[in-house]
Every structure is written in C-alpha cells, then in structure tokens.
Amino acid sequence: MANELRSKILIVEDDPGIYKFLKHTLATEDYSVILCTTGKEAIEMISSHCPDCILLDLGLPDMDGNEIIRSVRAWTSTPIIVISARTMELDKANALDLGADDYLTKPFGKIELLARIRAAIRHTRTTSRDEGIALNGVFEVGDLKIDYHKHRVYLAGEDTNLTPNEFRIVALLGKHAGQVITYRAMLRELWGPSANRDNKILRVHMASIRRKIEPNPNEPIYIFTEIGVGYRMRSADE
Ligand code: CA
C-alpha cells in the first residue's frame, strides 16, 4: 500500500509495555503509527496529525482519558477506542457516552485489537454512507427496512406497525447502526435531558419492537443488547 494511503493510528498510552506491544502489532499490519504518553500531547497531536483512529488509555499521568474524549469530540469525529484496565460497566458506558466508539479492556490480544481497529475505521466510512442512505430516507439491513420519510419499518416488505415511540427508537439505532448507543444517550435523545434515567421504559419498548421486527425475539438478529450498556443495530455490512 502506498504510504499516503496507510491508515494513521495515534496511540495515547503511558505504559511502555503496552505501547510497545501496540506499536509493534500495528506496524506489522502496515499501519502508520504515532505515539504520545500524555493527555496534553494527545490533544495537540490529534489536531495536528488528523489520525484515522485513536487508541486511548484512560489513566494518563496528566489527565483522565475521559477529559480527552470530551475535549476532542467538540471538533472531531475520528474514531476513539478506549483502552483501559477499568472493567466496570459504568466506566465503559461513561466513555461511550462522552463519544468514544469502542472499548477494549486490558489484557487483550492482537487479533481482537486489529479487528476493533478495522471496525472503527470502517464505521467512519459506513457512517458517511449511512448519512447518504438517510438522505434517501431509507436504511436497510437484511430483510429490515427503515423508511425515515414514511416513519415506517418493514420486515420483508410487510409493515411492522410500530408505535410512534417504537419507531423513534428503531430510527435512532438505525442512524447509528453498528455503534452501541447507551441507555442514557437514548433516553436523553428520545425524551430530552430531563428524561427519567430508568431503563425500564426502554426494555418494555424493546420487547415489543423485537416481537414485531425480529424473526425470533429471543435471538435478535437486528437489534442487539449490550448488557448493562445499551443497544446496537446491526450495520448494513454486518
Ligand atoms: Ca496508563
């Protein structure tokens, strides 16, 4: 691959054991790799180098990685994969809520790392294509079709008769297909910032949605539950 076409990955990590592993793994896969070890440098390098993907450690010597997510999300949509030893679901949901795209918990293997990076970079491309689909007003995956103009969802050509709230949930997930949307983000998006933080309303709606759109509601193939975190719509190329 020509140099200028190689995807550029920024590693933000202060642990030499981990950044050496990351650097080595990515270099052998022909990625162009840049590295920094502090949050301050990270913010500078993200704006000056425009990386295609950022691998971000949350525990940095000068700031919390979540602050970096909050700060860079104000001006860039570059995919961010958080790399952290924190295993709590709440930490994971927080980072995703602030705008991280994915989350890897240490320790992780080479294969998983590379797969997540490919997915994150592909997702940036998919998102732009999906915006194109959204312009035509239609999102399709498998036999499922969301018509944003008619506010209808079809399964194999048949209207699934979603209620208005069910449609809003499916429509939101369809716009971000392939990406986990946290419960909190969904509640805020659908019912406003003062929405009740109880996920029960989402679970009730989702059970009904699944009865209408999933061939087998117990084994969903269109909308997946990320336990303790949120929901994810299958992306068009999955
Ligand atoms: Ca660290």
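Everything that follows concerns the structure shown earlier in this document.
Read on for a plain summary of the structure. Predicted model, so just to flag it, every value in this text is computed and none were measured.

**Focus: the pairing of strand 5 (residues 102-105)**
Of the pairings in the sheet, the one linking strand 4 (residues 80-84) to strand 5 comprises four bridges and is parallel in character. If you follow I81 over to strand 5, its bridge partner there is D102.

**A short note on the state of the cysteines**
In protein structure, a disulfide is the covalent linkage between the sulfur atoms of two cysteines. All told, the structure shown has zero disulfides when counted by the stated rule. Just so you know, C50 is unpaired, no disulfide at all, and the nearest cysteine sulfur is the one on C53, 14 Å from it. Given the relative accessible area of 55%, C50 is considered exposed. Here C53 is not disulfide-linked; the sulfur of C36 is the nearest cysteine sulfur, at 13 Å.

**Quick look at the packing of helix 2 (residues 39-49) against helix 3 (residues 65-72)**
Running from N to C, helix 2 and helix 3 cross one another at 25°; their axes reach a closest spacing of 10 Å. The pairing of helix 2 with helix 3 is recorded here as roughly parallel in orientation. The two elements helix 2 and helix 3 meet at a crossing, and its hand is right-handed. On the side of helix 2, the interface is formed by G39, A42, I43 and I46, while helix 3 contributes I68, S71 and V72. Among the residues forming the contact of helix 2 with helix 3, the class breakdown is five nonpolar, two polar and no charged.

**Remarks on the pattern of salt bridges**
Applying the stated criterion across every chain, the model contains eleven salt bridges. Note that D30 is salt-bridged to R6, the shortest N-O span being 3.6 Å. One end of the pair, D30, is in the loop between helix 1 (16-28) and strand 2 (32-36); the other, R6, is in the segment before strand 1 (8-12), with 24 residues separating them in the sequence. D30 gets classed as partly exposed once you look at its relative accessible area, which sits at 33%. Where E226 meets R232, a salt bridge forms, and the shortest distance between an N and an O atom there is 3.4 Å. One salt-bridge network, held together by shared partners, links E13, D57 and K106.

**Side note on the side chain of D57**
Along the polypeptide, D57 turns up in strand 3 (residues 53-57). Of note is the side chain of D57, whose polar atom sits 3.4 Å from the side chain of K106. Once you skip the residues sitting within four places of it in the chain, D57 turns out to touch V12, E13, D14, G65, I83 and K106.

**Some points on the packing of helix 6 (residues 164-175) against helix 8 (residues 200-213)**
Orientation of helix 6 relative to helix 8, taken along the N-to-C sense of each, is 85°, at an axis distance of 10 Å. The angle between helix 6 and helix 8 places the two elements in the roughly perpendicular class. When helix 6 is examined against helix 8, the residues N165, E166, I169, V170 and L173 are found in contact with a partner set consisting of L202, H205, M206, S208, I209 and K212. Split by residue class, the contact of helix 6 with helix 8 holds six nonpolar, three polar and two charged.

The rules behind each value
- Along each chain, residues carry numbers from 1 onward, in the same order as the chain's sequence is written.
- Totals for whole chains, interfaces and linings use all residues, but because this is a predicted model, local features are given only for residues with pLDDT of at least 70 and pairs of side-chain atoms are given and counted only at 80 or more.
- To get the side-chain values, all heavy atoms of the structure are used, and hydrogens and water are removed first.
- A pair of strands is labelled paired if DSSP reports no fewer than 2 bridges between them.
- Put simply, DSSP H or I for four residues or longer makes a helix, DSSP E for two residues or longer makes a strand, and each gets a number counted from the N terminus.
- Note on disulfides: each one is a pair of cysteine sulfur atoms within 2.5 Å.
- Using a 1.4 Å probe on the protein chains alone, a residue whose accessible area is under 20% of its type maximum counts as buried, one over 50% counts as exposed, and one in between counts as partly exposed.
- Structural elements are reduced to axes, namely lines fitted to C-alpha atoms, with helices fitted over the stretch in contact, and the angle between N-to-C directions of any two is expressed from 0 to 180 degrees.
- Should an angle lie under 35 degrees it is considered roughly parallel, over 145 roughly antiparallel, and from 65 to 115 roughly perpendicular; all remaining angles are considered oblique.
- When the near helix sits turned anticlockwise from the far one by under a right angle, the crossing is termed left-handed; a clockwise turn instead gives a right-handed crossing.
- Contacts were defined at the residue level, with two residues in contact if any of their heavy atoms lie within 4.5 Å.
- Lys, Arg, Asp and Glu make up the charged group, whereas Ala, Val, Leu, Ile, Met, Phe, Trp, Tyr, Cys and Pro make up the nonpolar group; the residues left over, Gly among them, are polar.
- One side-chain nitrogen of Lys or Arg within 4 Å of one carboxyl oxygen of Asp or Glu is enough to make a salt bridge.
- Throughout this description, a polar contact denotes any pair of N or O atoms lying within 3.5 Å of each other; where both atoms belong to protein, one of them has to be capable of donating a hydrogen while the other can accept it, and for residues adjacent in sequence the pair is counted only when both atoms sit in side chains.

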